[in-house]
Amino acid sequence: MKPRYLRPALNLPQIFLYRDPVDFRKQAHGLAVLIEQELGHNPFSGALYAFTNRKRRLNPT
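So, a few notes on the structure that sits alongside this text. (Residues numbered from 1 in each chain as written. Predicted model: local features only at pLDDT ≥ 70, side-chain atom pairs only at ≥ 80, totals over all residues. Heavy atoms only, no water.)

All right, on to unusual backbone geometry then. It is generally the case that most residues other than glycine have a negative phi and that most peptide bonds are trans. Even without being a glycine, Q27 presents a positive backbone phi close to 60 degrees. The residue Q27 is located in helix α1 (residues 27-39) in this model. (Helix = DSSP H or I, 4+ residues; strand = E, 2+ residues; numbered from the N terminus.)

Checked against the element boundaries, N53 lands in the loop between β2 (48-52) and β3 (58-60). The class of N53 is buried, set by a relative accessible area of 17%. One polar contact links the side chain of N53 to the main-chain amide nitrogen of K55, over a distance of 3.1 Å. Residues contacting N53, with those up to four places away along its chain left out, are P21, V22 and F24. (Buried < 20%, exposed > 50% of the residue type's maximum accessible area, 1.4 Å probe, protein only. Polar contact = N/O pair within 3.5 Å; in protein donor to acceptor, adjacent residues only side chain to side chain. Contact = heavy atoms within 4.5 Å.)

Turning to the pairing of strand β1 (residues 15-21), a few remarks are in order. Consecutive side chains of a regular strand alternate in pointing toward one face of the sheet and then the other. Taken together, the five bridges between β1 and β2 define a ladder with parallel strand orientation. Bridging from a neighbouring strand, P21 pairs with T52 of β2. Of the crossover connections in this fold, the one passing from β1 over α1 to the parallel β2 is right-handed. (Pairing = 2+ DSSP bridges. Right-handed = clockwise from strand over helix to strand, strands pointing away.)

On inspection of all chains with the given rule, the structure shows two aromatic pairs. Centroid distance F16 to Y49: 5.1 Å. Interplanar angle 15 degrees. Geometry classified as stacked. Placement of the pair is F16 in strand β1 and Y49 in strand β2, with a sequence separation of 33 residues. Its relative accessible area of 24% is what places F16 among the partly exposed residues. With centroids separated by 5.8 Å and ring planes inclined at 50 degrees, the aromatic side chains of Y18 and F51 adopt a geometry described as tilted. Of this pair, Y18 sits in strand β1 while F51 sits in strand β2; the two residues are 33 residues apart in sequence, bridging distant segments of the chain. For the residue pair Y18 and F51, the accessibility class agrees, reading buried in each case. (Phe/Tyr/Trp six-rings, centres within 6.5 Å; stacked < 30°, edge-to-face > 60°.)

Right, dumping it as structure tokens:
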């Protein structure tokens, strides 16, 4: 079976990488709060946010 990858839209307005480790048990709501409070951005703006855990495994959201 050929692996398939999720590819974001080609016309994303912005892409942000949050470099501090994140506890992914926060799930989508907790990450949205982090985007609002720490970055001062609107999590529903259409931008792509990528987070990493302590071991630096990339998990885009």
